[in-house]
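Residue-level structural notes
Below, each chain spelled out in residue letters.
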Amino acid sequence: QVQLVESGGGVVQPGGSLRLSCAASGFTFSSYAMSWYRQAPGKERELVARITSSGGSTNYADSMKGRFTISRDNAKNTVYLQMNSLKPEDTAVYYCNAQSSVMRYWGKGILVTVSS
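Summarised in this report is the structure supplied together with it. Predicted, not measured: the structure shown is a model, and the values here were computed from it.

Re the state of the cysteines
Taken as a whole and judged by the stated rule, the model has one disulfide. Shown here is the disulfide that connects Cys22 with Cys96, its sulfur atoms set 2.1 Å apart. With the S-S bond torsion at -85°, the cross-link from Cys22 to Cys96 turns out left-handed. Here Cys22 is found in strand S3 (residues 18-25), whereas its partner Cys96 is found in strand S9 (residues 92-99), with 74 residues between them in sequence. Taking relative accessible area as the criterion, Cys22 reaches 0% and is therefore assigned buried. Classification of Cys96 by relative accessible area gives buried; the value is 0%.

Side note on the pattern of salt bridges
Where charged atoms from two side chains of opposite charge approach closely, those side chains can pair. On inspection of all chains with the given rule, the structure shows four salt bridges. Between Glu46 and Arg38 there is a salt bridge; the shortest N-O distance is 2.7 Å. For Arg38, a relative accessible area of 6% puts it in the buried group. Note that Asp90 and Arg67 form a salt bridge whose closest N and O atoms lie 2.7 Å from each other. One end of the pair, Asp90, is in the loop between strand S8 (78-83) and S9; the other, Arg67, is in the loop between strand S6 (58-60) and strand S7 (68-73), and 23 residues separate them in sequence. When salt bridges with common partners are traced through the structure, they connect Arg38, Glu46, Arg67 and Asp90 into a single cluster.

Some points on unusual backbone geometry
The backbone of Asn77 sits at a positive phi, close to 55°, despite the residue not being glycine. With respect to the helices, strands and loops of the structure, Asn77 is situated in the loop between S7 and S8. With a phi close to 50°, Ser85 is a non-glycine residue in the positive phi region. Its place among the elements puts Ser85 in the loop between S8 and S9.

Conventions we followed
- Residues numbered from 1 in each chain as written.
- Predicted model: local features only at pLDDT ≥ 70, side-chain atom pairs only at ≥ 80, totals over all residues.
- Heavy atoms only, no water.
- Disulfide = S-S within 2.5 Å.
- Helix = DSSP H or I, 4+ residues; strand = E, 2+ residues; numbered from the N terminus.
- Buried < 20%, exposed > 50% of the residue type's maximum accessible area, 1.4 Å probe, protein only.
- Salt bridge = Lys/Arg side-chain N within 4 Å of Asp/Glu carboxyl O.

The following block contains the structure:
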């Protein structure tokens with residue numbers, strides 16, 4: 001069955017870095033655009049970053065530009081989110097998302113806490 005399993009979350013101090021990974025299985029990973037979303041307490045889920053199926057194009061939410069980098073390895077069926085210069089307002093549950101023209105899958109999410 002389809003699985004998206006996030007890893008790499010945890011607690012980090014402001015200004016620190018984390019790298020999230022999302023391992024995919026059960027579908028043709030290289031045919032899907034991949035995204036990271038996040039949901040902070042009391043807020044709606046929002047798009048963080050997106051990468052096309054080939055990895056040739058990326059886009060980011062304005063507040064993440066220059067700090068976050070999304071990448072993928074189609075040979076490993078994995079998408080990454082490198083997060084630098086983290087701020088307390090980046091605290092949220094981060095979700096991996098896979099999307100094609102007809103299907104959409106979600107991971108269960110992983111918590112990132114930015115706190116001193």
